[in-house]
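Here are the chains, one letter per residue:
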Amino acid sequence: MLKQFAAAASLVAILTGAAQAEPVKVGMITTLSGGGAGLGIDARDGFMLAVKQAGNKDLEVIIEDDQRKPDVAVQLADKMIQSDKVDVLTGIIWSNLAMAVVPSVTAQGKFYLSPNAGPSALAGKGCHPNYFSVAYQNDNLHEAAGAYAKEAGFKKSFILAPNYPAGKDSLTGYKRYYDGELAGEVYTKLGQTDYAAEIAQIRASGADSVFFFLPGGMGISFLKQYADSGVGLPVVGPAFSFDQGILQAVGDAALGVKNTSQWSKDIDNDANKAFVESFQAEYGRLPSLYAAQGFDTANLLLSAMAKADVTDADGFRAALEAADFPSVRGKFSFGPNHHPIQDIYVREVIKEGDVYTNKIVGTALTDHGDAYSAECKM
(Lines give C-alpha, C1' and ligand atoms only; values in the text may rest on other atoms or scores of the structure.)
Protein backbone atom coordinates (compact mmCIF):
# COMPACT_ATOMS: atom_id res chain seq x y z
CA MET A 1 0.00 0.00 0.00
CA LEU A 2 1.24 3.45 -0.85
CA LYS A 3 2.14 5.60 2.13
CA GLN A 4 1.77 9.25 1.20
CA PHE A 5 3.18 12.13 3.15
CA ALA A 6 2.35 15.73 2.34
CA ALA A 7 3.66 18.61 4.44
CA ALA A 8 1.53 21.50 5.63
CA ALA A 9 3.25 24.78 4.79
CA SER A 10 5.46 26.15 2.04
CA LEU A 11 9.24 26.21 2.26
CA VAL A 12 9.05 29.61 0.62
CA ALA A 13 7.91 31.07 3.91
CA ILE A 14 11.11 29.73 5.46
CA LEU A 15 13.67 30.34 2.73
CA THR A 16 13.34 34.03 1.84
CA GLY A 17 13.86 35.25 -1.65
CA ALA A 18 12.88 31.96 -3.32
CA ALA A 19 10.49 31.87 -6.23
CA GLN A 20 7.34 29.77 -5.92
CA ALA A 21 8.19 26.34 -7.33
CA GLU A 22 6.04 23.76 -9.03
CA PRO A 23 4.93 20.92 -6.75
CA VAL A 24 7.38 18.03 -6.58
CA LYS A 25 6.40 14.38 -6.24
CA VAL A 26 9.06 12.04 -4.85
CA GLY A 27 9.08 8.26 -5.14
CA MET A 28 11.00 6.61 -2.31
CA ILE A 29 11.86 2.95 -2.92
CA THR A 30 13.69 1.49 0.07
CA THR A 31 14.05 -1.68 2.14
CA LEU A 32 11.39 -1.84 4.85
CA SER A 33 11.15 -5.61 5.43
CA GLY A 34 13.52 -8.52 5.84
CA GLY A 35 17.11 -8.57 7.05
CA GLY A 36 18.03 -5.11 5.74
CA ALA A 37 14.90 -3.33 6.94
CA GLY A 38 16.63 -1.32 9.65
CA LEU A 39 18.76 0.50 7.09
CA GLY A 40 15.82 1.50 4.92
CA ILE A 41 13.68 2.48 7.90
CA ASP A 42 16.41 4.80 9.16
CA ALA A 43 16.92 6.38 5.73
CA ARG A 44 13.16 6.88 5.41
CA ASP A 45 12.82 8.34 8.90
CA GLY A 46 15.68 10.78 8.39
CA PHE A 47 14.25 11.90 5.05
CA MET A 48 10.75 12.37 6.42
CA LEU A 49 12.01 14.26 9.47
CA ALA A 50 13.51 16.88 7.15
CA VAL A 51 10.27 17.00 5.15
CA LYS A 52 8.26 17.53 8.34
CA GLN A 53 10.60 20.25 9.58
CA ALA A 54 10.46 22.10 6.26
CA GLY A 55 6.67 22.12 6.20
CA ASN A 56 6.53 22.29 2.41
CA LYS A 57 3.00 21.86 1.02
CA ASP A 58 4.44 21.48 -2.50
CA LEU A 59 6.29 18.26 -1.68
CA GLU A 60 4.65 14.83 -1.73
CA VAL A 61 6.50 11.59 -0.93
CA ILE A 62 5.29 8.13 -1.96
CA ILE A 63 7.06 5.30 -0.10
CA GLU A 64 7.31 1.65 -1.13
CA ASP A 65 9.19 -1.43 0.14
CA ASP A 66 11.61 -3.02 -2.33
CA GLN A 67 12.01 -6.12 -0.12
CA ARG A 68 15.73 -6.02 -1.07
CA LYS A 69 14.80 -7.55 -4.43
CA PRO A 70 16.04 -5.94 -7.68
CA ASP A 71 13.01 -7.08 -9.71
CA VAL A 72 10.62 -5.58 -7.17
CA ALA A 73 12.56 -2.31 -7.14
CA VAL A 74 12.44 -2.11 -10.95
CA GLN A 75 8.69 -2.73 -10.99
CA LEU A 76 8.11 -0.08 -8.34
CA ALA A 77 10.23 2.49 -10.19
CA ASP A 78 8.35 1.88 -13.43
CA LYS A 79 5.00 2.24 -11.66
CA MET A 80 6.05 5.42 -9.89
CA ILE A 81 7.27 7.02 -13.13
CA GLN A 82 4.46 5.88 -15.41
CA SER A 83 1.44 5.86 -13.08
CA ASP A 84 2.29 8.09 -10.13
CA LYS A 85 4.14 10.62 -12.31
CA VAL A 86 6.95 11.23 -9.83
CA ASP A 87 9.61 13.83 -10.58
CA VAL A 88 12.41 12.52 -8.35
CA LEU A 89 13.27 9.07 -7.03
CA THR A 90 15.33 8.15 -3.98
CA GLY A 91 15.66 5.65 -1.15
CA ILE A 92 17.59 2.61 -2.44
CA ILE A 93 20.02 1.15 0.09
CA TRP A 94 21.64 -1.73 -1.81
CA SER A 95 23.96 -1.26 -4.77
CA ASN A 96 22.64 -4.20 -6.78
CA LEU A 97 19.18 -2.61 -6.62
CA ALA A 98 20.62 0.77 -7.56
CA MET A 99 22.29 -0.74 -10.60
CA ALA A 100 18.96 -2.25 -11.65
CA VAL A 101 16.96 0.97 -11.17
CA VAL A 102 19.04 4.13 -11.61
CA PRO A 103 20.00 3.86 -15.32
CA SER A 104 16.35 3.36 -16.30
CA VAL A 105 15.19 6.23 -14.09
CA THR A 106 17.68 8.73 -15.51
CA ALA A 107 17.08 7.52 -19.08
CA GLN A 108 13.44 8.53 -18.61
CA GLY A 109 14.47 12.08 -17.66
CA LYS A 110 13.86 11.75 -13.93
CA PHE A 111 16.23 12.79 -11.15
CA TYR A 112 17.64 10.19 -8.78
CA LEU A 113 19.11 11.23 -5.40
CA SER A 114 20.88 8.35 -3.68
CA PRO A 115 20.73 8.39 0.14
CA ASN A 116 23.09 5.42 0.39
CA ALA A 117 24.21 3.24 -2.51
CA GLY A 118 27.06 4.71 -4.57
CA PRO A 119 28.36 1.98 -6.91
CA SER A 120 31.54 2.69 -8.84
CA ALA A 121 29.80 1.91 -12.15
CA LEU A 122 27.61 5.01 -11.68
CA ALA A 123 30.49 7.25 -10.60
CA GLY A 124 32.69 6.81 -13.67
CA LYS A 125 31.68 5.96 -17.21
CA GLY A 126 28.10 5.27 -16.13
CA CYS A 127 27.55 8.69 -14.54
CA HIS A 128 24.53 10.76 -15.56
CA PRO A 129 23.61 14.44 -15.16
CA ASN A 130 20.41 13.52 -13.31
CA TYR A 131 22.06 11.13 -10.84
CA PHE A 132 23.37 12.47 -7.52
CA SER A 133 24.98 10.35 -4.82
CA VAL A 134 24.32 12.25 -1.60
CA ALA A 135 25.98 9.77 0.76
CA TYR A 136 29.37 8.78 -0.72
CA GLN A 137 30.91 6.77 -3.50
CA ASN A 138 30.99 3.14 -2.34
CA ASP A 139 34.78 2.94 -2.10
CA ASN A 140 35.12 6.01 0.14
CA LEU A 141 34.67 4.74 3.70
CA HIS A 142 36.73 1.66 2.88
CA GLU A 143 39.50 3.82 1.45
CA ALA A 144 39.53 5.63 4.78
CA ALA A 145 39.71 2.30 6.62
CA GLY A 146 42.70 1.33 4.48
CA ALA A 147 44.38 4.65 5.27
CA TYR A 148 43.75 4.10 8.99
CA ALA A 149 45.07 0.52 8.86
CA LYS A 150 48.25 1.76 7.19
CA GLU A 151 48.70 4.49 9.81
CA ALA A 152 48.02 1.97 12.61
CA GLY A 153 50.89 -0.14 11.31
CA PHE A 154 48.97 -3.24 10.25
CA LYS A 155 51.08 -5.30 7.86
CA LYS A 156 48.92 -8.31 6.99
CA SER A 157 45.15 -7.79 6.78
CA PHE A 158 42.54 -10.43 6.11
CA ILE A 159 39.69 -8.77 4.21
CA LEU A 160 36.14 -9.91 3.49
CA ALA A 161 32.88 -8.53 2.10
CA PRO A 162 29.66 -9.79 0.47
CA ASN A 163 29.74 -10.74 -3.20
CA TYR A 164 27.74 -7.86 -4.73
CA PRO A 165 28.71 -4.47 -6.22
CA ALA A 166 29.19 -2.62 -2.93
CA GLY A 167 31.21 -5.52 -1.52
CA LYS A 168 33.56 -5.47 -4.48
CA ASP A 169 33.87 -1.68 -4.25
CA SER A 170 34.65 -1.98 -0.53
CA LEU A 171 37.66 -4.28 -0.92
CA THR A 172 38.86 -2.26 -3.91
CA GLY A 173 38.69 0.88 -1.80
CA TYR A 174 40.51 -0.68 1.16
CA LYS A 175 43.33 -1.97 -1.04
CA ARG A 176 43.67 1.45 -2.71
CA TYR A 177 44.96 3.01 0.54
CA TYR A 178 46.34 0.01 2.46
CA ASP A 179 49.84 -0.95 1.33
CA GLY A 180 50.46 -4.03 3.46
CA GLU A 181 50.19 -7.71 2.61
CA LEU A 182 46.85 -9.50 2.32
CA ALA A 183 46.51 -12.61 4.45
CA GLY A 184 43.32 -13.47 2.61
CA GLU A 185 40.57 -11.93 0.49
CA VAL A 186 37.11 -13.52 0.68
CA TYR A 187 33.70 -12.69 -0.79
CA THR A 188 30.80 -14.06 1.23
CA LYS A 189 27.22 -14.67 0.18
CA LEU A 190 24.94 -11.63 0.42
CA GLY A 191 22.70 -12.18 3.44
CA GLN A 192 24.97 -14.86 4.95
CA THR A 193 24.66 -15.42 8.70
CA ASP A 194 27.10 -18.28 9.42
CA TYR A 195 30.77 -17.26 9.28
CA ALA A 196 32.44 -20.32 10.86
CA ALA A 197 34.36 -21.13 7.68
CA GLU A 198 35.60 -17.57 7.18
CA ILE A 199 36.67 -17.26 10.83
CA ALA A 200 38.58 -20.53 10.53
CA GLN A 201 40.37 -19.08 7.49
CA ILE A 202 41.24 -15.95 9.45
CA ARG A 203 42.62 -18.03 12.33
CA ALA A 204 44.88 -20.00 10.01
CA SER A 205 45.96 -17.09 7.81
CA GLY A 206 48.67 -15.46 9.89
CA ALA A 207 46.87 -12.13 9.68
CA ASP A 208 47.59 -9.30 12.11
CA SER A 209 44.25 -7.55 11.47
CA VAL A 210 40.81 -8.04 9.94
CA PHE A 211 38.90 -5.66 7.70
CA PHE A 212 35.29 -6.51 6.95
CA PHE A 213 32.31 -4.87 5.30
CA LEU A 214 29.12 -6.69 6.31
CA PRO A 215 26.16 -4.30 6.66
CA GLY A 216 22.99 -4.92 8.66
CA GLY A 217 22.32 -8.36 10.08
CA MET A 218 25.39 -9.79 8.36
CA GLY A 219 27.66 -7.63 10.50
CA ILE A 220 25.81 -8.53 13.69
CA SER A 221 26.25 -12.24 12.99
CA PHE A 222 29.91 -11.94 12.06
CA LEU A 223 30.92 -9.80 15.04
CA LYS A 224 29.21 -12.04 17.57
CA GLN A 225 30.73 -15.19 16.07
CA TYR A 226 34.15 -13.54 15.77
CA ALA A 227 34.08 -12.47 19.43
CA ASP A 228 33.05 -15.97 20.52
CA SER A 229 35.85 -17.53 18.44
CA GLY A 230 38.61 -16.02 20.53
CA VAL A 231 40.68 -15.15 17.45
CA GLY A 232 41.25 -11.74 18.99
CA LEU A 233 42.90 -9.93 16.07
CA PRO A 234 42.20 -6.17 15.76
CA VAL A 235 39.16 -5.43 13.61
CA VAL A 236 38.69 -2.44 11.30
CA GLY A 237 35.63 -1.67 9.24
CA PRO A 238 33.41 1.00 7.73
CA ALA A 239 30.56 2.58 9.64
CA PHE A 240 28.07 0.21 7.98
CA SER A 241 29.37 -2.62 10.16
CA PHE A 242 29.35 -0.54 13.36
CA ASP A 243 26.38 1.74 12.94
CA GLN A 244 23.92 2.75 15.62
CA GLY A 245 21.31 0.14 14.74
CA ILE A 246 23.88 -2.67 14.76
CA LEU A 247 25.77 -1.83 17.94
CA GLN A 248 22.94 -2.54 20.37
CA ALA A 249 22.59 -6.05 18.96
CA VAL A 250 26.34 -6.72 19.00
CA GLY A 251 27.04 -5.34 22.48
CA ASP A 252 30.44 -5.61 24.14
CA ALA A 253 31.95 -7.48 21.18
CA ALA A 254 32.18 -4.16 19.33
CA LEU A 255 33.73 -2.04 22.09
CA GLY A 256 36.96 -0.35 21.08
CA VAL A 257 36.67 -1.20 17.39
CA LYS A 258 37.77 1.55 15.00
CA ASN A 259 35.53 2.31 12.04
CA THR A 260 35.33 4.99 9.38
CA SER A 261 32.44 7.31 8.54
CA GLN A 262 31.67 10.64 6.93
CA TRP A 263 29.10 11.24 9.67
CA SER A 264 28.95 10.82 13.43
CA LYS A 265 26.50 12.07 16.01
CA ASP A 266 29.28 14.08 17.68
CA ILE A 267 30.28 16.16 14.63
CA ASP A 268 30.32 19.65 16.10
CA ASN A 269 28.07 21.86 13.99
CA ASP A 270 24.65 23.40 14.61
CA ALA A 271 22.85 21.41 11.92
CA ASN A 272 24.08 18.09 13.29
CA LYS A 273 23.33 18.94 16.91
CA ALA A 274 19.77 19.93 15.96
CA PHE A 275 19.35 16.82 13.83
CA VAL A 276 20.45 14.40 16.55
CA GLU A 277 18.22 16.07 19.11
CA SER A 278 15.16 16.25 16.85
CA PHE A 279 15.57 12.68 15.56
CA GLN A 280 15.67 11.36 19.13
CA ALA A 281 12.63 13.41 20.04
CA GLU A 282 10.68 12.24 16.98
CA TYR A 283 11.59 8.53 16.97
CA GLY A 284 12.86 7.72 20.46
CA ARG A 285 16.28 6.45 19.30
CA LEU A 286 19.66 7.79 18.26
CA PRO A 287 20.05 8.39 14.53
CA SER A 288 22.25 6.18 12.40
CA LEU A 289 24.44 6.95 9.41
CA TYR A 290 21.52 5.98 7.17
CA ALA A 291 19.20 8.40 8.97
CA ALA A 292 21.72 11.21 8.60
CA GLN A 293 22.07 10.49 4.88
CA GLY A 294 18.29 10.46 4.43
CA PHE A 295 18.04 13.78 6.27
CA ASP A 296 20.70 15.40 4.08
CA THR A 297 19.10 13.99 0.92
CA ALA A 298 15.77 15.58 1.75
CA ASN A 299 17.38 18.91 2.60
CA LEU A 300 19.32 18.88 -0.66
CA LEU A 301 16.05 18.35 -2.52
CA LEU A 302 14.32 21.10 -0.56
CA SER A 303 17.17 23.51 -1.27
CA ALA A 304 16.81 22.87 -5.00
CA MET A 305 13.04 23.33 -4.83
CA ALA A 306 13.60 26.75 -3.27
CA LYS A 307 15.67 27.84 -6.27
CA ALA A 308 14.13 26.24 -9.36
CA ASP A 309 11.09 24.43 -10.74
CA VAL A 310 11.55 20.71 -11.21
CA THR A 311 10.05 21.21 -14.68
CA ASP A 312 13.15 23.25 -15.56
CA ALA A 313 15.57 20.33 -15.66
CA ASP A 314 18.68 22.44 -16.25
CA GLY A 315 17.83 24.91 -13.52
CA PHE A 316 16.84 22.21 -11.05
CA ARG A 317 20.05 20.28 -11.79
CA ALA A 318 22.13 23.40 -11.20
CA ALA A 319 20.33 23.98 -7.90
CA LEU A 320 21.14 20.43 -6.82
CA GLU A 321 24.77 20.83 -7.87
CA ALA A 322 25.07 23.91 -5.66
CA ALA A 323 24.30 21.78 -2.56
CA ASP A 324 23.16 24.94 -0.79
CA PHE A 325 21.92 23.39 2.44
CA PRO A 326 23.33 22.96 5.98
CA SER A 327 24.63 19.40 5.88
CA VAL A 328 24.85 17.49 9.15
CA ARG A 329 28.36 16.59 7.98
CA GLY A 330 29.49 20.23 7.91
CA LYS A 331 31.57 20.66 4.76
CA PHE A 332 29.80 19.12 1.78
CA SER A 333 30.02 19.67 -1.95
CA PHE A 334 29.65 17.67 -5.15
CA GLY A 335 32.49 16.67 -7.44
CA PRO A 336 32.14 16.81 -11.23
CA ASN A 337 30.44 13.39 -11.26
CA HIS A 338 27.80 14.41 -8.68
CA HIS A 339 29.45 12.46 -5.86
CA PRO A 340 30.41 14.03 -2.53
CA ILE A 341 33.62 15.74 -1.54
CA GLN A 342 33.82 15.48 2.25
CA ASP A 343 35.90 14.57 5.30
CA ILE A 344 35.91 10.95 6.50
CA TYR A 345 36.52 10.27 10.18
CA VAL A 346 37.85 7.46 12.33
CA ARG A 347 35.39 6.52 15.07
CA GLU A 348 35.72 4.24 18.10
CA VAL A 349 32.88 2.17 19.53
CA ILE A 350 32.17 3.23 23.12
CA LYS A 351 29.42 2.88 25.68
CA GLU A 352 27.49 5.87 27.01
CA GLY A 353 25.44 4.65 29.96
CA ASP A 354 23.59 1.64 28.59
CA VAL A 355 23.89 2.70 24.96
CA TYR A 356 26.62 1.53 22.58
CA THR A 357 27.64 4.27 20.17
CA ASN A 358 30.60 5.86 18.37
CA LYS A 359 32.87 8.82 19.02
CA ILE A 360 35.25 10.51 16.60
CA VAL A 361 38.94 9.88 17.42
CA GLY A 362 40.55 11.21 14.26
CA THR A 363 40.22 12.18 10.61
CA ALA A 364 41.27 9.61 8.04
CA LEU A 365 40.78 11.62 4.82
CA THR A 366 40.13 15.33 4.29
CA ASP A 367 38.11 16.87 1.43
CA HIS A 368 37.98 13.42 -0.12
CA GLY A 369 36.38 12.77 -3.49
CA ASP A 370 36.42 9.50 -5.42
CA ALA A 371 38.67 7.58 -7.78
CA TYR A 372 36.25 7.50 -10.74
CA SER A 373 35.35 11.13 -11.41
CA ALA A 374 37.90 11.49 -14.21
CA GLU A 375 36.08 8.75 -16.14
CA CYS A 376 32.78 10.65 -15.94
CA LYS A 377 31.99 12.62 -19.10
CA MET A 378 28.90 14.76 -18.58
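One can find the structure itself at the top, above this paragraph.
Residues numbered from 1 in each chain as written. Predicted model: local features only at pLDDT ≥ 70, side-chain atom pairs only at ≥ 80, totals over all residues. Heavy atoms only, no water.

A. The arrangement of the overall build of the protein in detail. Per the secondary structure count, the protein includes 11 helices and 14 strands. In terms of overall size, the protein behaves like a compact globule, its C-alpha atoms giving a radius of gyration of 20 Å where 378 residues would be expected to give roughly 21 Å. Along the first, second and third principal axes, the C-alpha atoms of the protein reach 65 × 45 × 40 Å. Taken across its 378 residues, the protein has 58% of its residues classed as buried. Relative to all contacts within the protein whose residues are 6 or more apart in sequence, the contacts with residues 24 or more apart total 71%. Carbon together with sulfur atoms contributes 50% to the accessible area of the protein, which is approximately 13,900 Å² in total. Side chains of the protein carry 32 positive and 43 negative charges; the gap between the two charge centres is 3 Å. (Helix = DSSP H or I, 4+ residues; strand = E, 2+ residues; numbered from the N terminus. Rg over C-alpha atoms; globule rule 2.2 N^0.38 Å. Buried < 20%, exposed > 50% of the residue type's maximum accessible area, 1.4 Å probe, protein only. Contact = heavy atoms within 4.5 Å. Areas by Shrake-Rupley, 256 points an atom, 1.4 Å probe, with all protein chains shown as cover. Lys, Arg positive; Asp, Glu negative; His and termini not counted. Charge placed at Lys NZ, Arg CZ, Asp CG, Glu CD.)

B. Up close: the environment of Ala-304. Considering the arrangement of structural elements, one finds Ala-304 in helix α10 (residues 289-305). Overall, the relative accessible area of 0% leaves Ala-304 in the buried class. Between the alpha carbons of Ala-304 and Phe-316 there is a distance of 6.1 Å; along the sequence they are 12 residues apart. Apart from residues lying up to four places away in sequence, Ala-304 is in contact with Phe-316, Ala-319 and Leu-320.

C. Quick look at empty space enclosed by the protein. The tally for this structure, following the rule as stated, stands at 3 cavities of 30 Å³ or more. Within this model, the largest cavity holds a volume of roughly 120 Å³. Lining the largest cavity are 16 residues, with Asn-116, Tyr-136, Tyr-164, Ala-166 and Phe-213 positioned closest to its centre. (1 Å grid on protein atoms, 1.4 Å probe; cavity = no way out; pocket = protein on both sides within 12 Å on 5 of 7 lines; lining within 4 Å. Points joined across faces, edges and corners; volume = space filled by probe spheres on them.)

D. View of the pattern of salt bridges. According to the stated counting rule, one finds 19 salt bridges in the structure shown. Among the ionic pairs, Asp-45 bridges to Arg-44, the shortest N-O distance being 3.0 Å. Neither Asp-45 nor Arg-44 differs from the other in exposure class; each is buried. Here Lys-307 and Asp-324 are joined by a salt bridge, their closest N and O atoms 3.2 Å apart. Separated by 17 residues along the polypeptide, Lys-307 in the loop between α10 and α11 (313-322) and Asp-324 in the loop between α11 and β12 (333-334) bring together distant segments of the chain. Residue classification places Asp-324 among the partly exposed positions, given a relative accessible area of 48%. If you follow the salt bridges from partner to partner, you end up with Asp-42, Arg-44, Asp-45 and Arg-285 in one network. (Salt bridge = Lys/Arg side-chain N within 4 Å of Asp/Glu carboxyl O.)

E. View of the nonpolar core. Counting 118 residues, the largest nonpolar core has Phe-222, Phe-275 and Phe-316 as its most contacted members. Of all the elements, α10 adds the most residues to this core, at 11 residues. In this structure, Phe-222 is in contact with Leu-160, Tyr-195, Ile-199, Ile-202, Val-210, Phe-212 and Leu-214, ignoring residues within four places of it in sequence. (Core = buried A, V, L, I, M, F, W, Y, C linked by side-chain atoms within 4.5 Å.)

F. Representation of unusual backbone geometry within the structure. Residue Lys-85 is not a glycine yet carries a positive backbone phi of 60°. Mapping Lys-85 onto the fold places it in the loop between α2 (70-82) and β4 (88-90). In this structure Lys-85 comes out as exposed when scored by relative accessible area, which is 55%. One non-glycine residue, Ala-323, lies in the positive phi region at around 50°. Residue position: Ala-323 is located in the loop between α11 and β12.

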